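# Reading the structure
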Amino acid sequence: RRKILTFKREKNKSEDDDSIDAAPEICERSIGRLLPQKLASALTTNVVLSIHRNGEREECGSSPISARLMDSALQLFKPEHCPPDAKDLDKYTMETLLTTFVNQQLSPTSCQSTDQDPRKDLTGFLGYCDRGFEQTPPQPDSYNLKEIPSTGSLPCRFFTREGVRISSLQQLATLVKNSTKLKPDLCEMTNDGDNGNNTGEHLPFEEEDLEKADCSVSSAPKLEIYAVPAGRVFHFTPKYVGEIFHLDHARGSHGNPIALSVLSLEPPVFEIVNLFDAEDAQTLIEKSLNEKNPKYKLTRPDNDAKRKTMESGWDVQSPVAKLLKRRTLAMLGFDEYYESHMDGLQIVRYNRTKAYSFHMDYLYEDSDKEVYDFQSSERGGNRFASIIFYLTDVDDAHGGETVFPRMPLHNKTLTKKQAIRKIRENGNQLKEGSWEEEMTGICQSKFTIQPKKSQAILFYDQHPNGTIDLMSYHGGCPLLKGTKWIANLWAWNAARADFAYAPFKRGQAEQVETSGPGTLSAPITVLFFNTGQNPKTERATLYWFEQYMGSLAHGESIRFKTYAGHIWHVKDRNGNILKTWKISDGKTEGQHFSV
């Protein structure tokens, strides 16, 4: 079970080890030799690395960054981590190098863990990065992590403010180089740039950036990075309402970059721009209306009618649904797509007077017999981010808002009693004294978001350390007129129960059958390949048990880590199974399957 978290630890040398006095094998490369000359020169400038713990607005420490300083960290690595013919470091070695470097530069008390139960055997920044087995959820790439040379502990992952994972030296050097450009350009504009002739319509930076620029001569350029502990997921860190995050690396509708606009700080709520368009919205609605499968078609809840009266269904296979899931995970800071970390797209229809009362999207186990570990604050998995897609417009006077009742009043001036009185005076469409009327009063006196077609919002269900965010308590207000359509999508901080690397409770993992999803045996790397020789497989798709895993059309290949006993199918465009494989035990690398 330990192997699910990380790779095999090297045994410590004993006092009787003959090699104890041998000269240590170290990396003989230098940072400068691993970079092109133009980028190597960027690491000789006076740039300060500003370190933030994941989700924190204020830096926890800072350090100058240069090739010379980073060389001292690189020298701790063994030769195999920086071979002579390497043009750069792989992302896992890069993260270990950057963790080692930051730890060397910071004081022992800077950027240490703020959890109530910190590690006693590992302190400082390294103790923040590796929270220990009991508080580190397993991830699909946990096997690839490279230990810190001096301690054998796990490294942090590092992200830019916009959620770009720093995965190579060239990328880091480029970020450093760009950080030296930003401040002088801003200061030139604010001090003596346009002589009053610039209207601001073509400024390359946001006006807020211009206002906040520090143009003092003594102020060195800063590169802000966010350190995420092993096994945890990145969180955007808003600093003020109205702040914009331009995600040039994450593309949305029509190839346009996705952007986030901050609507609230507690909990962090963002409007998402360019994630999808009106055509996508209409396609999802039509797909839902025409759905014949009883598992996915719109239905009314039959066991919870007192708090949710809308209809909901699922879209797990349409091209638009698959595309939105990939866009969303990329937006959230994942540099690889994991189907295991996404629910299906839930399609919801609200008719007049229908609503969904206040609730959390964070899930709780249904019974004591549940073997999946939902405790995301420890090593379990749960929903960490909620995305709501608004598929139709709803007029401001017609209700249907998304409400956060625990948030301070931002955009409302009425109390709940005043709001209910006003509703009744204007001709109440809801039963007097009903929970719907009560909720409408709250909706008109608390922070809400009005549905606008092709708009989406993001909010977090967990804090960065995996604890539940109680401020994410929300609801769908009663609709007073017309029809409202939305779609919900939830991202998980670890693999869901039906996938490899899913976290299970201690002492109960052995209850999971090795022939089904969720096994904890040693992973097996497999490659699926479509030779293109069979016309029936021209638009084939690959399934893990009944879960869609991706396209396997002519000439395409997909590589996965799976387990002995798992079942994989290839299906044609009509869903007919063309070929089935059951993964065998034994060889853990290089198993190939072709169709």
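Residues numbered from 1 in each chain as written. Predicted model: local features only at pLDDT ≥ 70, side-chain atom pairs only at ≥ 80, totals over all residues. Heavy atoms only, no water.

## Thoughts on the overall build of the protein chain
Across its full length, the protein chain carries 11 helices and 23 strands. Taken over 595 residues, the protein chain has a buried fraction of 52%. Residue pairs in contact within the protein chain that sit at least 24 positions apart in sequence constitute 73% of those at least 6 positions apart. (Helix = DSSP H or I, 4+ residues; strand = E, 2+ residues; numbered from the N terminus. Buried < 20%, exposed > 50% of the residue type's maximum accessible area, 1.4 Å probe, protein only. Contact = heavy atoms within 4.5 Å.)

## Section: the state of the cysteines
One pass over the structure, following the stated rule, counts 3 disulfides. Between the sulfur atoms of Cys-60 and its disulfide mate Cys-111 the distance is 2.0 Å. Disulfide Cys-60-Cys-111: torsion about the S-S bond near 95°, hence right-handed. Of this pair, Cys-60 sits in the loop between strand S1 (47-53) and strand S2 (61-65) while Cys-111 sits in the loop between helix H4 (91-105) and helix H5 (124-129), placing them 51 residues apart in sequence. Residue Cys-60 is classed as buried on the basis of its relative accessible area, which comes to 16%. Classification of Cys-111 as buried rests on a relative accessible area of 1%. One disulfide bridge connects Cys-443 with Cys-477, the sulfur atoms lying 2.0 Å from each other. Since a negative S-S torsion denotes a left-handed disulfide, the Cys-443-Cys-477 link at about -100° is left-handed. (Disulfide = S-S within 2.5 Å.)

## What about the nonpolar core?
Grouped together as the largest cluster of nonpolar side chains are 43 residues, with contacts concentrated most on Phe-389 and Leu-458. Residue contributions to this core peak at 5 residues, all from helix H9 (residues 319-331). Among the nonpolar cores identified, the runner-up in size contains 39 residues, and Leu-74, Val-102, Tyr-128 and Leu-169 belong to it. (Core = buried A, V, L, I, M, F, W, Y, C linked by side-chain atoms within 4.5 Å.)

## A word on the packing of aromatic side chains
Scanning the entire structure with this criterion turns up 26 aromatic pairs. Judged by centre distance (6.4 Å) and plane angle (50°), the ring pair of Phe-374 and Trp-492 falls under tilted. Note that Phe-374 is positioned in the loop between strand S10 (356-359) and strand S11 (383-390) and Trp-492 in strand S16 (residues 484-492), a separation of 118 residues in sequence. Judged by relative accessible area, which is 13%, Phe-374 ranks as buried. The buried category is assigned to Trp-492, whose relative accessible area is 5%. Put simply, the rings of Phe-159, Phe-234, Phe-236, Phe-245, Phe-270, Phe-334, Tyr-338, Phe-384 and Tyr-460 touch in pairs and so form one group of aromatic residues. The ring of Tyr-337 carries the charged tip of Arg-326 above its face, separated from the ring centre by 4.3 Å. Its guanidinium or amino end placed over the ring of Tyr-473, Arg-406 lies 3.9 Å from that ring's centre, counting from NZ or CZ. (Phe/Tyr/Trp six-rings, centres within 6.5 Å; stacked < 30°, edge-to-face > 60°. Lys NZ or Arg CZ within 6 Å of the ring centre and 35° of its normal.)

## Notes on the pairing of strand S17 (residues 524-529)
Counted residue by residue, S17 has 5 buried out of 6 residues, so it is predominantly covered. By the bridge criterion, 6 bridges tie S17 to strand S20 (residues 557-562) in an arrangement that is antiparallel. What sits directly across from Phe-529, in S20, is Ser-557. The sheet contact formed by S17 and strand S23 (residues 591-594) spans 4 bridges and is parallel. Bridge pairing in S23 links Val-526 to Gln-591. (Pairing = 2+ DSSP bridges.)

## What about unusual backbone geometry?
Note: most residues except glycine have negative phi, and most peptide bonds are trans. Residue Glu-266 is joined to Pro-267 through a cis peptide bond whose omega torsion reads 0°. Within the secondary structure layout, Pro-267 lies in the loop between strand S6 (257-265) and strand S7 (268-273). In this model, Cys-111 sits at a positive phi of 60°, which is unusual for a non-glycine residue. For Thr-353, which is not glycine, the phi torsion reads 75° and is therefore positive.

## Things to note about the packing of helix H3 (residues 67-74) against H4
Taken N-terminus to C-terminus, the directions of H3 and H4 make an angle of 110°; their axes are 9 Å apart at the nearest point. It follows from the interaxial angle that H3 and H4 lie roughly perpendicular. Judged by residue contacts, Leu-69, Met-70, Ser-72, Ala-73 and Leu-74 of H3 engage Leu-97, Leu-98, Thr-100, Phe-101, Gln-104 and Gln-105 from H4. Each residue belonging to the contact of H3 with H4 can be placed in one class, and the counts come to 7 nonpolar, 4 polar and no charged. (Axes fitted to C-alpha atoms, helices over the stretch in contact; angles between N-to-C directions. Parallel < 35°, antiparallel > 145°, perpendicular 65-115°, else oblique. Nonpolar A, V, L, I, M, F, W, Y, C, P; charged D, E, K, R; others polar.)

## Re the pairing of strand S22 (residues 577-582)
For strand S21 (residues 567-571) and S22, the ladder comprises 5 bridges, and the chain directions are antiparallel. Residue pairing across strands places Ile-567 opposite Lys-582, the latter belonging to S22. Hairpin connection of S21 to S22: 5 residues between the antiparallel strands, including Gly-575 at a positive phi of 90°.

## A few points about the sheet that holds S20
Read across the open sheet, the 3 strands follow the order S20-S17-S23; overall the sheet is mixed. If you trace the sheet from one side to the other, it starts and ends with S20 and S23, each paired once. Direction aside, neighbouring strands of the sheet carry axes that sit 25° apart on average.

## Regarding the pattern of salt bridges
Tallying each qualifying case throughout the model produces 22 salt bridges. Here Lys-91 and Asp-335 are joined by a salt bridge, their closest N and O atoms 2.8 Å apart. Residue Lys-91 is found in helix H4, and its partner Asp-335 is found in the loop between H9 and strand S9 (345-350); the two are separated by 244 residues along the sequence. The buried category is assigned to Lys-91, whose relative accessible area is 15%. The salt bridge partner of Glu-95 is Arg-165, with a shortest N-O separation of 2.6 Å. On the criterion of sequence distance, the pair formed by Glu-95 in helix H4 and Arg-165 in the loop between strand S3 (157-159) and helix H6 (169-192) is long-range, its members being 70 residues apart. (Salt bridge = Lys/Arg side-chain N within 4 Å of Asp/Glu carboxyl O.)

## Remarks on the sheet that holds S10
Spatially, 4 strands are ordered S10-S15-S12-S13 in an open sheet, and the strand pairing comes out antiparallel. One side of each edge strand has no neighbouring strand; the edge strands of this open sheet are S10 and strand S13 (447-449). Within this sheet the neighbouring strands show an average axis-to-axis angle of 20°, counted without direction. Relative to S13, strand S12 (residues 402-404) runs antiparallel, the two being bridged by 3 bridges. Bridge pairing in S13 places Val-403 opposite Thr-448. Packed onto the sheet, helix H11 (residues 435-443) meets S10, S12, S13 and strand S15 (474-476) and runs at close to 60° relative to S10.

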